[in-house]
Amino acid sequence: MATLKPSFTVSPPNTTPIRFGCFPPQCFVSVPKPPCLRRRLVLPRFRQTTGGGGGGMIRCELPDFHLSATATTVSGVSTEKSVDQVQIPKGEMWSVHKFGGTCVGNSQRIRNVAEVIINDNSERKLVVVSAMSKVTDMMYDLIRKAQSRDDSYLSALEAVLEKHRLTARDLLDGDDLASFLSHLHNDISNLKAMLRAIYIAGHASESFSDFVAGHGELWSAQMLSYVVRKTGLDCKWMDTRDVLIVNPTSSNQVDPDFGESEKRLDKWFSSNPSKIIIATGFIASTPQNIPTTLKRDGSDFSAAIMGALLRARQVTIWTDVDGVYSADPRKVNEAVILQTLSYQEAWEMSYFGANVLHPRTIIPVMRYNIPIVIRNIFNLSAPGTIICQPPEDDYNLKLTTPVKGFATIDNLALINVEGTGMAGVPGTASDIFGCVKDVGANVIMISQASSEHSVCFAVPEKEVNAVSEALRSRFSEALQAGRLSQIEVIPNCSILAAVGQKMASTPGVSCTLFSALAKANINVRAISQGCSEYNVTVVIKREDSVKALRAVHSRFFLSRTTLAMGIIGPGLIGATLLDQLRDQAAVLKQEFNIDLRVLGITGSKTMLLSDIGIDLSRWRELLNEKGTEANLDKFTQQVHGNHFIPNSVLVDCTADSVIASRYYDWLRKGIHVITPNKKANSGPLDQYLKLRDLQRKSYTHYFYEATVGAGLPIISTLRGLLETGDKILRIEGICSGTLSYLFNNFVGDRSFSEVVAEAKKAGFTEPDPRDDLSGTDVARKVIILARESGLKLDLADLPIRSLVPEPLKGCASAEEFMEKLPLYDGDLAKERLDAENSGEVLRYVGVVDAINQKGTVELRRYKKEHPFAQLAGSDNIIAFTTTRYKDHPLIVRGPGAGAQVTAGGIFSDILRLASYLGAPS
C-alpha cells in the first residue's frame, strides 16, 4: 500500500495563483497538511483599490471553502485506488459512548475514560469524544482575537499547543508520542496561517470558524485512541467529517443526512475495520465537503447519530453528574436522580432548560428505540438515568409520581396583545408572530384566551424591545382605531414547567401544581398546556422562580417540607420551644419528611441569623457569641427572603403589642404567623377583623392555638364545632393556669396572700402577680373565644372582677404589693367561707354568653360535684354549650400553664402548618 504524503493547496477560485503577503496580490501558497485534513482550502483574496491622487487601500475577502478528497503519494501520483467496500456490521453488538470535555479534561481523566472503554464487554464499541475541557472556548477565543486584530492570538494559540503537548507527554511515549506531536505541530502551523488570514481580513466566515473550532476534538480523539491501543486492543480513530454529512438550516442548526452518512460510514469502515472506534464529536461536513459543526451540544448529537447509524444497543452519555435530576440541584437541595425518563419527558425537560440533553439529540435514537443512559464518569457506582420508551403496561411506571421533573427559564418578558377587535378575525395571530419572526426573536411559550380577546407569549428579555416596537408599528392603525386596546410588556418573568408523561392520565395534577404555588404565595401570570399534557407551563415573577420551583418540587416528590422559621422572643416559652425543636428535628425529617430550619432568633436587643439554619444544640452559645443588634426588619427579610425555602413562618413568643401589630404586614407578604401572643386577637376590634379578613382571602396561615389554654385544643375544638354547623350558646371556663392553681389551693385555713406567695415562689405567676390577679389575661382569652364564635366584642365591653385590692393597684413594686397583700385577705376569706357553707367552691372563670352577645370575667361558686370544682394544680377546663351539646357540655380539660405545654401548643401549630403545606399526614 502506497504511503500517503498529505498536502493542501490554498488558492482563490477562478484566479491566477497569488504570492501570499505580496502586493499586488498575485501569490501562491502551499502549506503542509496534517494527515487528518485531506481538504483543499481557500485562503483570503486581496484586492487593491485606487483613488484619485494615486492613493489606495488593500481590501481582503474571505471566500468559503472549496474542498476535495484527493490525496497524493510520496511521488506525487494520485492514489484513488478502488477498494472492495465492506458494509459495517450493525445491531446490538455495538455500544456507543460519548465522553464530554470534563471527562477528558486532563491526562488522568483520559486514562479513566480508556479504562471504561476497556471494561465494556460489548462486542464492538464506538466512542465519541469532545475536546478537552475549555479547549473549544479557547479555539473560539482565538477566532475572536484574530478578527479584532489582537496580536495576543499568537500567545493564545501557543497555550493551546502547550496544553495538548503536556497532556500527550504524560500519556504517550516512543513512536506514539512522536507521531501525535508531529500531527499536532502541523495542525498548529496550519491554524497559525488561517488565523493570520483572519487577522488581516478582520473577519472569519462560518466555514473558517467551524474549521478552527473543531480541532480540539481531533486531538482528544487521537490521544485517546493511542492510549486504548497501548493495551493491545484493536482501535482506530475516526475524523467524523469524513462520515457525518449534515445540511445547515436557517435556524443555526443542522439536519443529518442519514442516507449519505451511512454510505460514507461503510466506506470508512472498509478502509479502517476495527472493533473499537474513537470518533470526534461536534464536527461534520456539508454535502459539499465543507467542514462544519453540529452547533450546541454537538458531541451528544454526534453520539446519537452514530448510535442510529449503527443500530446500537444503547448510547451512554458520560458526564460529571449522577444522572438527570428532578430539578436543578443547585436550586432544590432535595432534587432526586430519576431512574428513567421517556424520550418525550427528556425532550420537554431539556427544552425548558434542564441539564439533560439537547432536544435534537433524542431524535435519531427515537427512530430505533435506542436507550440513552446518562452516567457519571466520576462515580461509576451510580446507575444513572435511562432515557427510553417505557412499555405501556410497565408496573413500576404506574407507581411513580405523574410529574417526573421541573425546570425553569429565567430572564423572560411576557407580551400581551389584547383587544376586542381580535376576536374572530382570521390572520391576527399570523400577523403577530410574523412580526416576531421578522425581528428574529424566539417565542418560548404562547397562551391564548378561548375568546380570542388576547394573545400573550414569552420571549427572552433581551429581545422584548424589538418585538414590542415591531408589533406597535404593525398594529398602529388597530391601536388608534381601538380594535386593539393594548400591547403590554410585562418584564422580569420566569417560566416554570412541570413535565411528566403520566400527567395526561392522572386527574388533579394541575390542581396540585397550582395549589402548591398558591400556598407559597406565588402569583401566576400566564398558563400554557398542550393537549398531549406532557407539560404544564406557567409564567411567574422572576424573583419567585426558585421559591416556586422548590414549592412544587416538594409537593410532588414528598421531599422534606421545609419551613424557614424565625423565633421572636427566646424567653421562657421561646427557649423551651427551641429545645423541643432541637430534640425532635431528626425524627421529623426521617419519619415525617418535615425540615424545620430556624434561620433567625431575636430578642429585644440581640438577634442571631443564619442562611442555612441555626445549630439548635448550641443556639444559646451562638446567640451570645455571634449575636448582632436586633433589627426586626432585617430579621424578617432574612427569614422570608431565602428563595431556596419556599415557605416561611415567624413564631412570636412574646406578649408585645408592637410585634403583634406587624402580623398584618407579614401575612400580606406571604409569611405565615404562629403565636401564643394574645394582643393581636384581643386588641382593637377593627384591626382584628382586618387581620382575619386577610387570612381568609389568602393562602397565608395564621395559627394561635396557644393563646387560650396553652397546649390544649381549645381554638381548634371551637372551630371544628362551628365548621360542622354547630351553634355556640355559651363558653365557660377556667382558662388561667395561675388562677386555677390559686383557687385549687385556697382551702382550709390558708390565706389568699399565702397561696399567692407560694405560687410566685414556684414560678406559677408573672414576676408581678398583679398581672395575673387583675383578670386582664383571662379577659383577653374571653375576647378571643367570643370573636372566634362570631361576637364583635372589645376588651372595654367586658366587666372584669379584679382580685387586686384597689389601694394596692398603685404600689410601686411587686415586692411592696406582696408585702401589703395580707392586709386584704379578709374579703376573699369571707367569700370562701360562704361558699364552703353552701357546699361550693370558688373558681375564677371567663364566660362567653353567645345568646346575649356578651362576656364576663368573674369569681363564681360551683357545687363540689361540678367538673370545675374537681380541678387540681394549674389545670384549665373549658365547657362548650352548643345546640348539639346542650344538656351535656363538651369539656376540654388539661394542663393550661407552663412553658412546656405552651411551647408544645406552638409546636403543634408548626406541624399543622407543615401538614397544610404538603407534608404527609
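Residues numbered from 1 in each chain as written. Predicted model: local features only at pLDDT ≥ 70, side-chain atom pairs only at ≥ 80, totals over all residues. Heavy atoms only, no water.

Looking at an unreviewed UniProt entry, the chain carries the name Bifunctional aspartokinase/homoserine dehydrogenase 2, chloroplastic, with the source organism given as Camelina sativa. UniProt lists a comment for the chain under the heading Cofactor (unreviewed entry), and it reads "a metal cation". Under Function (unreviewed entry), UniProt gives the following word-for-word description of the chain: "Bifunctional aspartate kinase and homoserine dehydrogenase that catalyzes the first and the third steps toward the synthesis of lysine, methionine and threonine from aspartate." (UniProt positions renumbered as here; feature names shortened; annotations may be inferred.)

Q: Explanation requested: the overall build of the chain in the structure shown.
A: When helices and strands are tallied, the chain shows 31 helices and 34 strands. Here the analysis covers contacts within the chain between residues at least 6 apart in sequence; of these, 72% occur between residues at least 24 apart. With the model as given, the accessible surface of the chain reaches about 40,800 Å², and the carbon-plus-sulfur share is 49%. (Helix = DSSP H or I, 4+ residues; strand = E, 2+ residues; numbered from the N terminus. Contact = heavy atoms within 4.5 Å. Areas by Shrake-Rupley, 256 points an atom, 1.4 Å probe, with all protein chains shown as cover.)

Q: Explain helix H4 (residues 174-201) to me, please; I cannot follow it from the model alone.
A: Residues three or four positions apart in an α-helix share a direction because the helix packs 3.6 residues into each turn. If you check H4, its first and last C-alpha atoms are 41 Å apart, about what 28 residues at 1.5 Å a residue would give, namely 40 Å. Downstream of H4 by one or two residues, Gly202 has phi in the positive range, about 70°. (Expected span 1.5 Å × (residues − 1).)

Q: For this particular structure, what's the right way to read the environment of Leu549?
A: Looking at where Leu549 falls in the secondary structure, it is placed in helix H16 (residues 545-557). The spacing of Leu549 and Ile645 is 96 residues in sequence and 9.7 Å in space, taken between C-alpha atoms. Apart from residues lying up to four places away in sequence, Leu549 is in contact with Ala327, Lys331, Val332, Phe406, Ala407, Thr408 and Leu496.

Q: Please clarify how the packing of aromatic side chains should be interpreted in this entry.
A: Geometry of an aromatic ring pair is reported as the spacing of the ring centres plus the angle between the planes. As enumerated under the stated definition, the model contains 13 aromatic pairs in all. On the basis of an interplanar angle of 75° and a centroid distance of 5.4 Å, the ring pair of Phe746 and Phe752 is categorised as edge-to-face. There is no split in this pair, since Phe746 and Phe752 are both buried. Its guanidinium or amino end placed over the ring of Phe703, Arg912 lies 4.0 Å from that ring's centre, counting from NZ or CZ. (Phe/Tyr/Trp six-rings, centres within 6.5 Å; stacked < 30°, edge-to-face > 60°. Buried < 20%, exposed > 50% of the residue type's maximum accessible area, 1.4 Å probe, protein only. Lys NZ or Arg CZ within 6 Å of the ring centre and 35° of its normal.)

Q: Can you help me understand the packing of helix H2 (residues 135-147) against helix H5 (residues 206-213) in this one?
A: The angle between the axes and the distance between the axes are what describe a pair of packed helices. In the contact formed by H2 and H5, the axes pass within 9 Å of each other and the chain directions differ by 140°. Taken as axis vectors, H2 and H5 run oblique relative to one another. The two elements H2 and H5 meet at a crossing, and its hand is right-handed. The residues of H5 that touch H2, namely those facing Met139, Tyr140 and Ile143, are Ser209, Asp210, Val212 and Ala213. The residue inventory of the contact of H2 with H5, partitioned by class, reads 5 nonpolar, 1 polar and 1 charged. (Axes fitted to C-alpha atoms, helices over the stretch in contact; angles between N-to-C directions. Parallel < 35°, antiparallel > 145°, perpendicular 65-115°, else oblique. Left-handed = near helix turned anticlockwise from the far one by under 90°. Nonpolar A, V, L, I, M, F, W, Y, C, P; charged D, E, K, R; others polar.)

Q: I'm lost on the pattern of salt bridges in this one. Help?
A: Once the charged atoms of two side chains with opposite charge are near each other, the side chains can pair. In the structure shown here, the tally under the stated rule is 47 salt bridges. Here Glu162 ties to Arg165 by a salt bridge, and the two come within 2.4 Å at their closest N and O atoms. Placement of the pair is Glu162 and Arg165 together in helix H3 (residues 153-171), with a separation of 3 residues, close to one helical turn. Classification of Glu162 as partly exposed rests on a relative accessible area of 28%. The salt bridge involving Arg311 is made with Glu262; its shortest N-O contact spans 3.5 Å. A residue pair is termed long-range when its members are at least 10 positions apart, and Arg311 in the loop between helix H8 (298-310) and strand S13 (314-319) and Glu262 in helix H7 (residues 258-271) qualify at 49 residues. You can call Glu262 partly exposed: its relative accessible area is 22%. Via salt bridges that share partners, Glu334, Arg550, Lys589, Asp595 and Arg597 belong to a single interconnected network. (Salt bridge = Lys/Arg side-chain N within 4 Å of Asp/Glu carboxyl O.)

Q: Even after reading the chapter, I still don't get the packing of helix H25 (residues 737-745) against helix H26 (residues 752-761), so can you show me in this structure?
A: Packing of H25 against H26 brings their axes to within 9 Å, and their N-to-C directions diverge by 135°. Viewed along their axes, H25 and H26 adopt a mutual orientation that is oblique. Crossing geometry of H25 relative to H26 is assigned as right-handed. Where H25 approaches H26, its residues Tyr741, Leu742, Phe743 and Asn745 are matched on the opposing element by Phe752, Val755, Val756, Glu758 and Ala759. Among the residues making up the contact of H25 with H26, the classes are represented as 7 nonpolar, 1 polar and 1 charged.

Q: Explain the nonpolar core here, please?
A: Soluble, globular proteins show a tendency: their nonpolar side chains are buried together. Tyr663, Trp666, Leu742, Phe743, Phe752 and Leu773 are the most contacted members of the largest nonpolar core, which totals 68 residues. Counting residues per element, this core draws most heavily on helix H28 (residues 776-788), at 7 residues. Counting residues in each nonpolar core, the second largest holds 67 residues, with Leu126, Phe269, Ile277 and Met349 among its members. (Core = buried A, V, L, I, M, F, W, Y, C linked by side-chain atoms within 4.5 Å.)

Q: Please clarify how the sheet that holds strand S14 (residues 340-342) should be interpreted in this entry.
A: A sheet is described by the order of its strands in space; here 8 strands give the open sequence S7-S10-S6-S5-S13-S15-S16-S14, paired in mixed fashion. Since the sheet does not close on itself, it has two edges, and those belong to strand S7 (235-238) and S14, each with one partner. Along the sheet, successive strands turn relative to each other by an average axial angle of 20°, direction set aside. Relative to the sheet, helix H9 (residues 343-351) contacts S14 and strand S16 (385-388), its axis offset from that of S14 by approximately 85°. (Pairing = 2+ DSSP bridges.)

Q: Whenever I open this one, the side chain of Arg843 confuses me. Can you help?
A: Mapped onto the elements of the fold, Arg843 is located in strand S31 (residues 840-849). Here Asn744 takes part through its side chain, which lies 3.3 Å from a polar atom of the side chain of Arg843. A distance of 3.3 Å separates a polar atom in the side chain of Arg843 from the backbone oxygen of Ala869. Residue contacts for Arg843: discarding those within four places in its chain leaves Ile734, Phe743, Asn744, Glu858, Leu859, Arg860, Tyr862, Phe868 and Ala869. (Polar contact = N/O pair within 3.5 Å; in protein donor to acceptor, adjacent residues only side chain to side chain.)

Q: Would you explain unusual backbone geometry in this entry?
A: Leaving glycine aside, a negative phi is the common case for residues, and trans is the common case for peptide bonds. With a phi close to 65°, Asn289 is a non-glycine residue in the positive phi region. Its place among the elements puts Asn289 in the loop between strand S11 (283-285) and strand S12 (291-293). Residue classification places Asn289 among the partly exposed positions, given a relative accessible area of 23%.

Q: What exactly am I supposed to notice about helix H19 (residues 632-640) here?
A: Buried within H19 we find Leu632, Phe635, Thr636, Gln638, Val639 and His640. Near the N-terminus of H19, the side chain that reaches the backbone nitrogen of Asp633, with its oxygen 3.1 Å away, is that of Asn631.

Q: Got a minute to help me understand the confidence of the model for the chain in this structure?
A: Note: predicted coordinates in regions of low pLDDT should not be interpreted at a detailed level. In this model, the chain carries an average pLDDT of 86, and 88% of its residues clear a pLDDT of 70 or more. Long-range and interchain partners of residues 1-83, a stretch whose pLDDT sits below 50, account for 165 contacts in this model, where long-range means more than four residues apart. (pLDDT = per-residue confidence, 0-100.)

Q: Any chance you could explain the pairing of strand S21 (residues 526-529) here in plain terms?
A: Every other side chain in a regular strand lies on the same face of the sheet, so the side chains alternate between the two faces. Of the two faces of S21, the one holding Ala526 and Ser528 is buried and the one holding Ile527 and Gln529 is not buried anywhere. In this structure, S21 lies alongside strand S22 (residues 535-541), joined through 4 bridges in antiparallel fashion. Paired with Ile527 across the bridge in S22 is Val538.

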